[in-house]
Amino acid sequence: MKKIICILTIAAVSFTSCKKWLDINQNPNVGQEADPTPEQRLPPILAQFVDGYESAGTRAALITQQLATIYVNSLGAYQMSRWNTTTTTSIAGWPWQSWYVNTAVNIQPMIVAAQKVDAWHYVGVGKIIKAWGFGYMADYYGMLPYDEFDDPKVLTPKFDDGAYVQTKVLALLDEAIADLQKTQGAIAPALSKGDYLHGGNAADWIKTAYALKARFLLHTSKKAGFNPQAVLDLLDKAPKADDEGAIMQYVDESPATTTVQAALQYVNINNNYRPTKLFIDYLTNNYTGAPTGANNIEDPRAALMIPSASDVNGVLVRSEGVDMASDMPKSGPAASDARFITLRKNPAAPKPGDKIVSTGSWYTQRGGKGLLITNAEMRFIEAEMLFRQDKRAEALAAYKAGIRSHMNTMGIAGTTIDNFLASTSVVQNAQDITMSHIMIQKWIALSYSPEAWMDMRRMNFCADAGGNYNEAMGVYKGFKRPSHVMSEGYPNPTDWPRRCAVPSYEINYNMVEVLEANPNAGNPTYMAEPVWWDKP
């Protein structure tokens with residue numbers, strides 16, 4: 001009490017100092033929210049964004065049947081392979097948590113910090129990441145909080161439909177392009193200090209923005225008035241070379257480490273995952289209408305993407321693929337079934353004489369790459385747009401350029417690529433190319449990417465106009481409903497996976513706003529309801 005009386009009688013200036021000292025919300029011994037500079041904020045934002053984006057791709061790969069899992073009914077990945085993305089499947093909600101909790105809320109503070117010092121390149125990059133994240137998340141879930149997501153006064157933000165979100169996203173990308181073209185302020189940090197995705201190259205970030213605009217516009221291909229030329233015009237300003245893409249280069253601590261500090265897909269695609277028959281069939285040209293002839297050559301990517309293991313004689317034998325339409329997924333494969341090989345390399349650094357449990361996959365190799373936006377993807381989009389314009393010769397050239405670019409990125413030798421592209425395993429005549437040829441090659445190049453699922457929905461899987469499986473008319477030949485499909489969510493043979501269920505966080509704490517946005521969101525069949533661009 002004596003101390004309190006003393007404080008009340010000292011000078012006003014001292015009283016002010018004591019007020020600051022007594023302010024329990026501002027600890028002078030630790031950093032405050034406003035302290036980090038733009039170059040300090042950007043690296044963790046990039047890391048968290050890429051984590052969420054690539055993880056969304058792993059989950060999409062279970063839906064698009066690029067990945068299968070061993071049989072464990074309680075395994076979230078196994079449930080996603082059934083197209084079950086309801087709130088009971090915890091892994092289905094990770095992209096949501098990763099985006100909102102780890103990434104999105106940190107972007108505006110970086111933009112504010114950058115504006116204070118006229119660091120316009122950081123402002124532009126922040127807007128691109130915000131647009132990219134909200135754009136793919138809206139396509140993934142169909143609806144989400146946008147306008148009110150970071151309003152501290154709103155505990156239960158309203159949900160905005162994906163169509164509205166896309167208008168906001170496209171406007172953000174235009175703003176970002178303008179910001180990246182501005183001259184940085186005198187005391188602004190160089191973009192290179194915080195940017196490890198494009199190494200501080202503002203021109204490449206601008207190309208990324210145009211690539212995203214092309215992507216989001218491409219998603220509307222089912223809509224009346226869709227203009228292929230508008231997409232081609234955007235591609236003129238998007239990446240055109242392999243080193244211009246947005247590719248995350250992971251750095252592992254050592255080739256022999258047993259920790260999970262490696263390529264993100266090494267972490268995500270754990271020892272429960274296996275390749276599917278469809279994945280192997282597409283890589284080995286074993287599907288209806290695949291290019292073939294007297295000069296067939298196996299795709300050189302097959303050895304890099306399909307794991308092999310030593311047999312009893314020490315001879316490497318390639319994995320079989322899980323046939324998702326067979327009865328196998330109802331009770332298998334078992335973890336011990338040697339026919340189906342894990343996608344993680346084991347041993348990590350084999351020595352002479354070691355038994356090879358798995359050669360692994362290029363995508364899960366330690367110190368691998370995350371293909372976020374690539375020249376290959378742009379070339380396949382170009383091929384599709386030219387095909388829609390009935391420019392078959394140009395479409396064929398773009399289709400081949402897409403294959404070449406993906407192989408280049410994987411480090412395949414130029415002569416090997418040349419030989420494969422000249423073989424009968426690749427379409428050689430313009431009059432023979434089909435949309436199916438283009439999209440299946442794009443599906444391979446976009447392995448474990450959310451965009452593969454966006455494309456499958458746009459192309460209506462391998463179904464006819466009525467939604468029935470039709471191998472003659474369908475684009476993704478051989479893609480069938482899994483035998484163990486979640487019957488409550490997809491009760492009819494014409495039902496296909498069109499969106500992820502609203503995550504449990506929103507169901508548990510924001511259900512009123514969820515149902516206000518879509519009254520069907522609480523039903524299992526909501527997952528088969530097309531998002532806005534997936535219908536005419």
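Residues numbered from 1 in each chain as written. Predicted model: local features only at pLDDT ≥ 70, side-chain atom pairs only at ≥ 80, totals over all residues. Heavy atoms only, no water.

Caption draft 1: Representation of the overall build of the protein chain within the structure. Along the backbone of the protein chain there are 20 helices and eight strands. Here the protein chain has a C-alpha radius of gyration of 25 Å; the compact-globule value for 536 residues is 24 Å, and the two agree. The buried share of the protein chain, taken over its 536 residues, is 54%. A sequence separation of at least 24 residues applies to 73% of the contacts in the protein chain between residues at least 6 apart. Roughly 22400 Å² of accessible area belongs to the protein chain as shown, and the carbon and sulfur atoms make up 54% of that amount. For the protein chain, the distance from the average position of its 49 positive side-chain charges to the average position of its 53 negative side-chain charges is 2 Å. (Helix = DSSP H or I, 4+ residues; strand = E, 2+ residues; numbered from the N terminus. Rg over C-alpha atoms; globule rule 2.2 N^0.38 Å. Buried < 20%, exposed > 50% of the residue type's maximum accessible area, 1.4 Å probe, protein only. Contact = heavy atoms within 4.5 Å. Areas by Shrake-Rupley, 256 points an atom, 1.4 Å probe, with all protein chains shown as cover. Lys, Arg positive; Asp, Glu negative; His and termini not counted. Charge placed at Lys NZ, Arg CZ, Asp CG, Glu CD.)

Caption draft 2: Inspection of the pattern of salt bridges at higher detail. This structure, assessed with the given rule, holds 27 salt bridges. Note that Asp534 is salt-bridged to Lys222, the shortest N-O span being 2.7 Å. Placement of the pair is Asp534 in the segment after helix H20 (511–517) and Lys222 in the loop between helix H8 (202–218) and helix H9 (228–235), with a sequence separation of 312 residues. Judged by relative accessible area, which is 4%, Asp534 ranks as buried. (Salt bridge = Lys/Arg side-chain N within 4 Å of Asp/Glu carboxyl O.)

Caption draft 3: Region of interest: the packing of H8 against helix H14 (residues 375–388). The N-to-C vectors of H8 and H14 enclose an angle of 40°; their axes lie 11 Å apart at closest approach. It follows from the interaxial angle that H8 and H14 lie oblique. Every pair of crossing elements has a handedness; the one defined by H8 and H14 is left-handed. For the pair formed by H8 and H14, the contact residues are Ala211, Arg215 and Leu218 on the first element and Glu377, Met378, Ile381, Glu384 and Met385 on the second. A per-class count over the contact of H8 with H14 returns five nonpolar, no polar and three charged. (Axes fitted to C-alpha atoms, helices over the stretch in contact; angles between N-to-C directions. Parallel < 35°, antiparallel > 145°, perpendicular 65-115°, else oblique. Left-handed = near helix turned anticlockwise from the far one by under 90°. Nonpolar A, V, L, I, M, F, W, Y, C, P; charged D, E, K, R; others polar.)

Caption draft 4: Fine view of H14. Given a rise of 1.5 Å per residue, 14 residues ought to cover 20 Å, and the 20 Å separating the end C-alpha atoms of H14 matches this to within 8%. Counting buried residues in H14 gives 12 out of 14 residues, a clear majority hidden from the surface. Those residues of H14 lying buried are Asn375, Ala376, Glu377, Met378, Arg379, Phe380, Ile381, Ala383, Glu384, Met385, Leu386 and Phe387. Close packing links the buried residues of H14 with H8, H9, strand E8 (369–373), helix H15 (392–409), helix H17 (435–445) and helix H18 (450–458). A positive backbone phi angle near 60° is found at Asp390, which sits one or two residues after H14. (Expected span 1.5 Å × (residues − 1).)

Caption draft 5: Molecular detail of the environment of Lys355. Looking at where Lys355 falls in the secondary structure, it is placed in the loop between helix H13 (328–331) and E8. C-alpha separation for the pair Lys355 and Phe216, spaced 139 residues apart in sequence, amounts to 46 Å. Beyond its immediate chain neighbours, meaning those up to four positions away, Lys355 contacts Ser310, Asn346 and Pro347. For Lys355, the side chain forms a polar contact with the main-chain oxygen of Ser310, separated by 2.9 Å. (Polar contact = N/O pair within 3.5 Å; in protein donor to acceptor, adjacent residues only side chain to side chain.)

Caption draft 6: Representation of the confidence of the model for the protein chain within the structure. Per-residue pLDDT for the protein chain averages 92, and the proportion of residues at 70 or more is 91%. Here residues 1–23 is a poorly scored stretch, pLDDT under 50, and it has zero contacts once near neighbours within four places are set aside; other chains count. (pLDDT = per-residue confidence, 0-100.)

Caption draft 7: Examining the environment of Ser361 more closely. With respect to the helices and strands, Ser361 occurs in the loop between H13 and E8. Residue class for Ser361 comes out buried when judged on its relative accessible area of 5%. Each C-alpha atom, one on Ser361 and one on Lys345, is 7.1 Å from the other, the two residues being 16 residues apart in sequence.

Caption draft 8: Region of the structure containing H18. For H18, the buried fraction is high: nine of the nine residues fall into the buried class. Regarding H18, the residues found buried are Pro450, Glu451, Ala452, Trp453, Met454, Asp455, Met456, Arg457 and Arg458. Of the surrounding elements, those touching the buried residues of H18 are helix H3 (38–63), helix H6 (120–141), H8, H14 and H17. Where H18 ends, the next residue or the one after it, Asn460, has phi of about 65°, a positive value.

Caption draft 9: Looking closely at unusual backbone geometry. Note the cis peptide between Gly332 and Pro333, where omega equals 0°. Checked against the element boundaries, Pro333 lands in the loop between H13 and E8. Despite not being glycine, Trp83 shows a phi value in the positive range, around 70°. Residue placement: Trp83 occurs in the loop between helix H4 (76–81) and helix H5 (94–116). The exposure class of Trp83 is buried, given its relative accessible area of 0%. Located in the positive-phi region is Asn285, a residue other than glycine, with phi close to 60°. Residue placement: Asn285 occurs in the loop between helix H11 (277–283) and helix H12 (302–305).

Caption draft 10: Summary view of the packing of H3 against H18. Relative to each other, H3 and H18 sit at 45°, their axes nearing to 7 Å. Here H18 runs oblique to H3, going by the angle between their axes. Residues Tyr53, Ala56, Gly57, Ala60 and Ile63 of H3 lie in contact with H18, whose contacting residues are Pro450, Glu451 and Trp453. Partitioning the contact of H3 with H18 into residue classes produces six nonpolar, one polar and one charged.

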